Amino acid sequence: MVWLFISDLHLSPERPDITRQFEDFLAAWRGQASHLYVLGDLFDVWLGDDVAGAFGAQVAAALRRQRDAGAQVGLLHGNRDFLLGPRFAEACGATLLTDPCIREIHGRRVLLSHGDLFCTDDHGYQRMRRVFHQPLVQRGFLALPHRLRQRIGARLRRRSQQDVAGKAPEIMDVNAQAVSDALRRHDVNCLLHGHTHRPAVHQFDLDGRPATRIVLGDWYTQGSALVWDEHGFDLRQLPRPAAARSGSETADPAG
Ligand code: MN
């Protein structure tokens, strides 16, 4: 069994190089992976399954090929694509997961999350997150005409970019206490998440026992994947294909 984890691809029609890398990555693993989990922000923005268009269908088809080759596909919401719904999941042959959730991976129970939940020092963001996760707010937004959804989405992204520019980097990282609390609450010693765009494997002490926090990287300037087989886990950086390197590279630490 080979588990593959990716997150923060931020796919959009404006960055065909990332989409190509994503499709190449899936093709390379087709038939070899038993599980493919996307831990949020597969898309840079998601305004509703009903307006996914050709680009949404292209991405769904890539994931479905993985499923058809024998992989279980799981999708977690990110803060950019929290409106991904059952219709898109069905098109992918994927399961929508709750954040956080636990999977047993080669004998180790692992807490899986997008990661924004643990950025508790960013009070403004957490307030906004609570509003956007209200079912009524989401239903109301999804009932709006497509053009209006686009305008609101663009305005929110601009505001978030301004917010991020004015915040200290440590405020946008996870809070150690929030991580420890979650590990205790779920009785696990390993957390795997994305969102912060700070790929790393952190080993630390939790109540006298070793604990691990694995952070997936984003795909803006390279690619990042965690491969977990019977020998253990391996956090890999994926080089951008040479032919695609000339594309505009707008790093966005916002998550
Ligand atoms: Mn994110």
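Residues numbered from 1 in each chain as written. Predicted model: local features only at pLDDT ≥ 70, side-chain atom pairs only at ≥ 80, totals over all residues. Heavy atoms only, no water.

A look at a positive patch on the surface
As a reminder of what qualifies: Patch definition: residues with relative accessible area over 30% and no salt bridge; like charges joined within 9 Å; nonpolar side chains (Val, Leu, Ile, Met, Phe, Trp, Tyr) joined within 5 Å. The method behind every accessible area is Shrake-Rupley, applied with a 1.4 Å probe, and residues are considered shielded solely by the protein chains displayed. The working definition used for a salt bridge is a side-chain nitrogen of Lys or Arg within 4 Å of a carboxyl oxygen of Asp or Glu. Neither His nor the chain termini are counted; the positive set is Lys and Arg, and the negative set is Asp and Glu. To locate a charge, take atom NZ for lysine, CZ for arginine, CG for aspartate or CD for glutamate. In this description a helix means any DSSP run of H or I spanning at least four residues, a strand means any run of E spanning at least two, and both kinds are numbered starting from the N terminus.
Residues R147, R151, R155 and R158 make up a contiguous surface patch of positive charge. As for its placement among the helices and strands, R147 is situated in helix α6 (residues 146-165).

Some details on the sheet that holds strand β5 (residues 101-105)
Strands belonging to one sheet form pairs held by backbone hydrogen bonds; the direction of such a pair is parallel or antiparallel. Applied cut-off: DSSP calls a pair of strands paired once it identifies at least 2 bridges connecting them. Every axis in this analysis is a line fitted to C-alpha atoms, fitted for helices over the stretch in contact. Angles between the N-to-C directions lie between 0 and 180 degrees. Residues are treated as being in contact if the distance between any of their heavy atoms lies within 4.5 Å.
Spatial ordering of the open sheet is given by β5-β6-β7-β9-β8, a layout of 5 strands whose pairing is mixed. The open sheet has two free edges, formed respectively by β5 and β8 (200-206), since each of these has just one partner strand. Taking the axes of each pair of neighbouring strands and ignoring which way they run, one obtains an average angle of 25 degrees across the sheet. Here β8 runs beside strand β9 (residues 209-215); their pairing, made up of 7 bridges, is antiparallel. Paired with A200 across the two strands is V215, which belongs to β9. Contacts from helix α7 (residues 176-186) reach β5, β6 (108-112), β7 (190-193), β8 and β9, with the element oriented near 70 degrees to β8.

Section: the packing of aromatic side chains
Applied cut-off: Note on ring pairs: Phe, Tyr and Trp rings are taken, using the six-membered ring of Trp, and paired if centres are within 6.5 Å. Classes follow the plane angle, with under 30 degrees stacked, over 60 edge-to-face and the rest tilted. Exposure classes here rest on a 1.4 Å probe applied to the protein chains alone. A residue is buried below 20% of its type maximum, exposed above 50%, and partly exposed in between.
Within this structure, the stated rule accounts for 10 aromatic pairs. When the ring of W3 is compared with that of F5, the centres are 6.0 Å apart and the planes differ by 10 degrees; the resulting orientation is stacked. Across the pair, exposure class does not vary: W3 and F5 are buried alike. Put simply, the rings of F43, W46, F55 and F88 touch in pairs and so form one group of aromatic residues.

As for α7
The periodicity of an α-helix, 3.6 residues per turn, causes residues three or four places apart in sequence to face the same way. Stated formally: Nitrogen and oxygen atoms within 3.5 Å of one another constitute a polar contact, given that in protein one can donate a hydrogen and the other can accept it, and given that sequence-neighbouring residues count only through two side-chain atoms.
Where α7 is concerned, the buried positions are A178, V179, S180, A182 and L183. In the core, the buried residues of α7 are packed alongside β6, β7, β8 and β9. The backbone nitrogen of Q177 lies 2.8 Å from a side-chain oxygen of the residue at the head of α7, namely N175. Among the residues trailing α7, D187 stands out with phi positive, at a value near 55 degrees.

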